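Now for the letters of each chain:
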Amino acid sequence: MGKEPVRVLVTGAAGQIGYALVPMIARGVMLGPDQPVILHMLDIPPAAEALNGVKMELVDAAFPLLKGVVATTDVVEGCTGVNIAIMVGGFPRKEGMERKDVMSKNVSIYKSQASALEQHAAANCKVLVVANPANTNALILKEFAPSIPEKNITCLTRLDHNRALGQISERLNVQVSDVKNAIIWGNHSSTQYPDVNHATVKTPSGEKPVRELVADDAWLHGEFIATVQQRGAAIIKARKLSSALSAASSACDHIRDWVLGTPEGTWVSMGVYSDGSYNVPSGLIYSFPVTCRNGEWTIVQGLSIDELSRKKLDLTAEELTEEKALAYSCLS
Ligand code: NAD
Ligand code: LMR
């Protein structure tokens, strides 16, 4: 007998990430080629007609794994019974804005949707927040949905992780699939710290450290970090819209690895509730290196942190602490 369908909620489904993401989910990119899905697509009333158009296209595409589509502007209907919630709904930043500039619009959405998820989602629903400011929206969702286990609420920094792998692969002219174990520490913002101190590349003579192969500290400490930190802004400048296909693909990577597990010897970056690991203050949603097994993530422990890295880990934690205070001030 085939598997029972999994209900996957995508909020902001009529938007540009939504439009890239829902066909990936319906094709099995997120949960595997043998996992049927029922898509719940939520948006707001001004987008209802466009949302219905997306539903029509999903029907027209005749995806074999797609067992149903709920397209709604009713948050309770959208959240009811969902096993996985991808929270994309919100307002994207425009050229010249920092991600925290979209704070006041977005955190209030996350406060109200927290209650809907808490009351109506399936038990053990896994939540991924994509909308910016992603870490702080996820934190607000966690705080206003106290009965959802904190381990189930995460935010997307996999896009930054993938961007780091992409930059290393371009620089060394190697396959991106041969590069692994980069780390994004902290906030999905320009203070994030893309760290390749433990990253490796598969070569014909075995795995080699990225630091040994690049052998250019000035580039690794300068241009590489800045490019990854500023990539979102560079995409906005080029497209006049924020990243969408890479965000959607990375959201699939995040959920796939969380649910189905990370490959042996490989870690990925996820924004998760800090437990004080690496002396990061607890009470923040902070991006760490994690491995996943049996549907649970675990922070990779024991990695050495040099002095430069320590400063960068602390700087991005400070920004998250400030964002948290700002978010609460927006909600009061
Ligand atoms: P978009 O404007 O194209 O789509 C957003 C959608 O959300 C719209 O259809 C809008 O109607 C809907 N929406 C607004 N309020 C809502 C609510 N209360 N409930 C449900 N839906 C609601 O934006 P986009 O380009 O798809 O980006 C979505 C978000 O993702 C933005 O906040 C963007 O900054 C963020 N983003 C994050 C990452 C990341 O790596 N974490 C990457 C790219 C974009
Ligand atoms: C990104 O990283 O591409 C997104 O967070 C969009 C943005 O505002 O940078």
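Parameters and conventions
- Residues numbered from 1 in each chain as written.
- Chains lettered and ligands numbered in written order.
- Predicted model: local features only at pLDDT ≥ 70, side-chain atom pairs only at ≥ 80, totals over all residues.
- Heavy atoms only, no water.
- pLDDT = per-residue confidence, 0-100.
- Helix = DSSP H or I, 4+ residues; strand = E, 2+ residues; numbered from the N terminus.
- Pairing = 2+ DSSP bridges.
- UniProt positions renumbered as here; feature names shortened; annotations may be inferred.
- Buried < 20%, exposed > 50% of the residue type's maximum accessible area, 1.4 Å probe, protein only.
- Axes fitted to C-alpha atoms, helices over the stretch in contact; angles between N-to-C directions.
- Left-handed = near helix turned anticlockwise from the far one by under 90°.
- Contact = heavy atoms within 4.5 Å.
- Nonpolar A, V, L, I, M, F, W, Y, C, P; charged D, E, K, R; others polar.
- Core = buried A, V, L, I, M, F, W, Y, C linked by side-chain atoms within 4.5 Å.
- Salt bridge = Lys/Arg side-chain N within 4 Å of Asp/Glu carboxyl O.
- Near = heavy atom within 4 Å.
- Polar contact = N/O pair within 3.5 Å; in protein donor to acceptor, adjacent residues only side chain to side chain.
- Phe/Tyr/Trp six-rings, centres within 6.5 Å; stacked < 30°, edge-to-face > 60°.

**Description of the confidence of the model for the protein chain**
Then step 1. Averaged over all residues, the pLDDT of the protein chain equals 96, while 100% of them reach at least 70.
Then step 2. Ranking the elements of the protein chain by mean pLDDT puts helix α4 (residues 103-120) last, at 92, and strand β8 (residues 183-185) first, at 99.
Then step 3. Two summary scores accompany this predicted model of the complex, namely pTM at 0.98 and ipTM at 0.99.

**Let's talk about the pairing of strand β10 (residues 200-203)**
Then step 1. Alignment of strand β7 (residues 179-180) against β10, held across two bridges, turns out to be antiparallel. Bridge pairing in β10 links Val-179 to Val-201.
Then step 2. Here β10 runs beside strand β11 (residues 206-209); their pairing, made up of four bridges, is antiparallel. Considered in β11, the bridge of Val-201 is made with Lys-208.
Then step 3. The loop that links β10 with its antiparallel partner β11 comprises two residues.

**A few points about the UniProt feature "active site" (unreviewed entry) in the protein chain**
Then step 1. Within this structure's numbering, the places UniProt gives as "active site" (unreviewed entry) are His-188.
Then step 2. Residue placement: His-188 occurs in the loop between β8 and β9 (193-195).
Then step 3. Residue classification places His-188 among the buried positions, given a relative accessible area of 8%.

**A closer look at the packing of α4 against helix α5 (residues 134-143)**
Then step 1. In contact at an axis separation of 8 Å, α4 and α5 are set at 35 degrees when each is read in the N-to-C sense. The two elements α4 and α5 cross, and the hand of that crossing is right-handed. Within the contact between the two elements, α4 uses Met-103, Asn-106, Val-107, Tyr-110, Lys-111, Ala-114 and Leu-117 and α5 uses Thr-136, Asn-137, Ile-140 and Leu-141.
Then step 2. Residue composition of the contact of α4 with α5, by class: seven nonpolar, three polar and one charged.

**A short note on the nonpolar core**
Then step 1. With 73 residues, the main nonpolar core has Leu-21, Leu-58 and Ile-86 as its most contacted residues.
Then step 2. The element that contributes the greatest number of residues to this core is helix α1 (residues 16-26), accounting for seven residues.
Then step 3. Ala-121, Ala-134, Ile-140 and Ala-145 belong to the second-largest nonpolar core, a separate cluster that totals 30 residues.

**Section: the pattern of salt bridges**
Then step 1. With the rule as written, the count across this model stands at 12 salt bridges.
Then step 2. Put simply, Lys-142 and Glu-143 hold a salt bridge, and the shortest N to O gap is 3.8 Å.
Then step 3. Exposure remark for Glu-143: the relative accessible area of 27% places this residue in the partly exposed category.
Then step 4. With a shortest N-O distance of 3.2 Å, Arg-256 and Asp-257 are connected by a salt bridge.
Then step 5. Its relative accessible area of 27% is what places Arg-256 among the partly exposed residues.

**Here we look at the site of ligand 1**
Then step 1. Taken together, 24 residues are adjacent to ligand 1, and Gln-16, Ile-17, Asp-43, Val-130 and Asn-132 come closest.
Then step 2. Interatomic distance of 3.5 Å between a side-chain N/O atom of Ser-242 and an oxygen atom of ligand 1.
Then step 3. Its residues placed into classes, the shell around ligand 1 shows 13 nonpolar, 10 polar and one charged.

**Looking at the packing of aromatic side chains**
Then step 1. Counted by the stated rule, this structure contains five aromatic pairs.
Then step 2. On the numbers, 6.2 Å between centres and 75 degrees between planes, the contact of Trp-185 with Phe-288 is edge-to-face. In this pair, Trp-185 is assigned in strand β8 and Phe-288 in strand β13 (residues 285-293), connecting sequence segments 103 residues apart. By the burial criterion, Trp-185 is buried, and Phe-288 matches it.
Then step 3. Relative to Phe-288, the ring of Tyr-286 lies with its centre 5.0 Å away and its plane at 45 degrees, an arrangement referred to as tilted.
Then step 4. By relative accessible area, which is 0% here, Phe-288 ends up buried.
Then step 5. The structure contains a cluster of three or more aromatic residues connected by ring pairs, namely Trp-185, Tyr-278, Tyr-286 and Phe-288.

**Re the sheet that holds β7**
Then step 1. One open sheet accounts for three strands, arranged β7-β10-β11; its pairing is antiparallel. With partners counted over all chains shown, the strands left at the sheet margins are β7 and β11, one partner each.

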